[in-house]
Amino acid sequence: MAKACTMIDRSHRHREIPTSASCREVCSDRSDSDLSAAALAATGRFQEALTKLSQSRQTKACALTIVERLDLAELLERTGQLKDARNHLAMVKKASRSSDSDLARLHLIEGMISKQLGHLEESMASFQQGCRLAERTGSIELLCWGQLRFLGVSADIDGSEIDPALLATLRSNTERAATPAISIAHQIFLAEYHAKRGNLGASRHHSSLAESVLATYPNIWLRGLLALNMSCLSYL
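Being a predicted model, the structure only gives us computed values, none of them experimental.

(A) Inspection of the overall build of the protein at higher detail. The number of helices and strands found in the protein is twelve helices and two strands. Starting at the N terminus and ending at the C terminus, the protein contains elements arranged as β-β-α-α-α-α-α-α-α-α-α-α-α-α. A burial count over the protein gives 46% of its 236 residues as buried. Put simply, 56% of the contacts in the protein that link residues at least 6 apart link residues at least 24 apart. By element, 54% of the accessible surface of the protein is carried by carbon and sulfur atoms, the whole surface being about 12,000 Å².

Okay, structure coming up:
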């Protein structure tokens, strides 16, 4: 089992960091049938993760927990089932004991749904609220995802340069999170950001960095995003 993930530091040299539990599970020799829904989701296999989670619920008679509803909502959003995702989020909102971490996840999922529906201003507001709650709870991974999604939408809306201080904060938080998927997503975000502003050299550089981590820690979803960006670059 791999004990460390190779990530990229500020100077783009590699350093060794501990893996998350889901990463360790994926990196082991376990067969696909033995992987948990979380491990499948960690590699971008969202439909398989949703199927696994749904199957596990069939053996339980108790009501869904808040975390289970959020897990389902996130996977439903990822697989395009927005109405069902919203229904689970509505149930979470009615719960009386949602933690700040739960609410941070809720806002991030709401932001993604709003983005898919083309409601970009609502999406940004949800991401901002999610970031505030994630920061308050000290959840660096949630904070990184919120920042990546907020900056991605805001950059698309106005087309202007992002404040370098915000980019530096995102980079620092990405390093602190020390999670393969976040590191890859960060590089893909930078690749897209620079490509849209005509800096193709920088875009290819960040695409290469994303590729280097994907080679060790495969993720179907992130691989697709990178391929899309590389395809766009080939036409420029």
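(B) Expanded view of the side chain of N173. Among the structural elements, N173 can be located in helix α9 (residues 164–177). For N173, a relative accessible area of 6% translates into the label buried. Not counting chain neighbours up to four residues away, the residues in contact with N173 comprise I140, L143, C144 and Q147.

(C) Layout of the environment of E175. Mapped onto the elements, E175 comes out in helix α9. According to the relative accessible area criterion, E175 is buried, its value standing at 18%. Taking the C-alpha atoms as reference points, E175 and C144, 31 residues apart in sequence, are found 9.8 Å from one another.

(D) The pattern of salt bridges, seen in detail. Taken as a whole and judged by the stated rule, the model has seven salt bridges. Between E48 and R45 there is a salt bridge, and its shortest N-O distance comes to 2.9 Å. When its relative accessible area of 39% is taken as the criterion, E48 is described as partly exposed. Here D71 ties to R105 by a salt bridge, and the two come within 2.9 Å at their closest N and O atoms.

(E) Broad picture of the packing of aromatic side chains. Taken as a whole, this structure holds three aromatic pairs when the rule is applied. Both rings, one in F189 and one in Y193, keep their centres 6.1 Å apart while their planes meet at 25°; by these two values the pair is stacked. In this pair, F189 and Y193 both sit in helix α10 (residues 180–196), four residues apart, roughly one turn of the helix. For the pair shown, F189 and Y193 are each scored as buried.

(F) Molecular detail of helix α12 (residues 220–234). In this model α12 runs 21 Å from its N-terminal to its C-terminal C-alpha over 15 residues, within 8% of the 21 Å that 1.5 Å per residue would give. Residues L222, L226, N229 and L233 constitute the buried set of α12. Each buried residue of α12 lies within a common arc of 60° when the element is viewed along its axis, so the set occupies one face. Those residues of α12 that are exposed and aimed more than 90 degrees away from the buried face are I220, L228 and S234. Of the surrounding elements, those touching the buried residues of α12 are α10 and α11 (200–214).

(G) Quick peek at the packing of α10 against α11. Running from N to C, α10 and α11 cross one another at 165°; their axes reach a closest spacing of 7 Å. By the angle between their axes, α10 is roughly antiparallel relative to α11. The way α10 lies across α11 gives a crossing that is left-handed. Here α10 contributes P180, I184, Q187, I188, L190, A191, H194 and A195 to the contact with α11, which in turn contributes L200, A202, S203, H206, S207, L209, A210, V213 and L214. Looking at the contact of α10 with α11 residue by residue, the class counts come to twelve nonpolar, five polar and no charged.

(H) Representation of the packing of helix α6 (residues 100–116) against helix α7 (residues 120–137) within the structure. Orientation of α6 relative to α7, taken along the N-to-C sense of each, is 160°, at an axis distance of 8 Å. Classed by the angle they form, the pair α6 and α7 counts as roughly antiparallel. The two elements α6 and α7 cross, and the hand of that crossing is left-handed. Together, D100, S101, L103, A104, H107, L108, E110, G111, M112, S114 and K115 of α6 and L120, E122, S123, S126, F127, Q129, G130, L133, A134, R136 and T137 of α7 make up the contact between the two elements. Among the residues making up the contact of α6 with α7, the classes are represented as eight nonpolar, nine polar and five charged.

Rules behind the numbers
Residues numbered from 1 in each chain as written. Predicted model: local features only at pLDDT ≥ 70, side-chain atom pairs only at ≥ 80, totals over all residues. Heavy atoms only, no water. Helix = DSSP H or I, 4+ residues; strand = E, 2+ residues; numbered from the N terminus. Buried < 20%, exposed > 50% of the residue type's maximum accessible area, 1.4 Å probe, protein only. Contact = heavy atoms within 4.5 Å. Areas by Shrake-Rupley, 256 points an atom, 1.4 Å probe, with all protein chains shown as cover. Salt bridge = Lys/Arg side-chain N within 4 Å of Asp/Glu carboxyl O. Phe/Tyr/Trp six-rings, centres within 6.5 Å; stacked < 30°, edge-to-face > 60°. Expected span 1.5 Å × (residues − 1). Arc of directions from axis to C-beta. Axes fitted to C-alpha atoms, helices over the stretch in contact; angles between N-to-C directions. Parallel < 35°, antiparallel > 145°, perpendicular 65-115°, else oblique. Left-handed = near helix turned anticlockwise from the far one by under 90°. Nonpolar A, V, L, I, M, F, W, Y, C, P; charged D, E, K, R; others polar.

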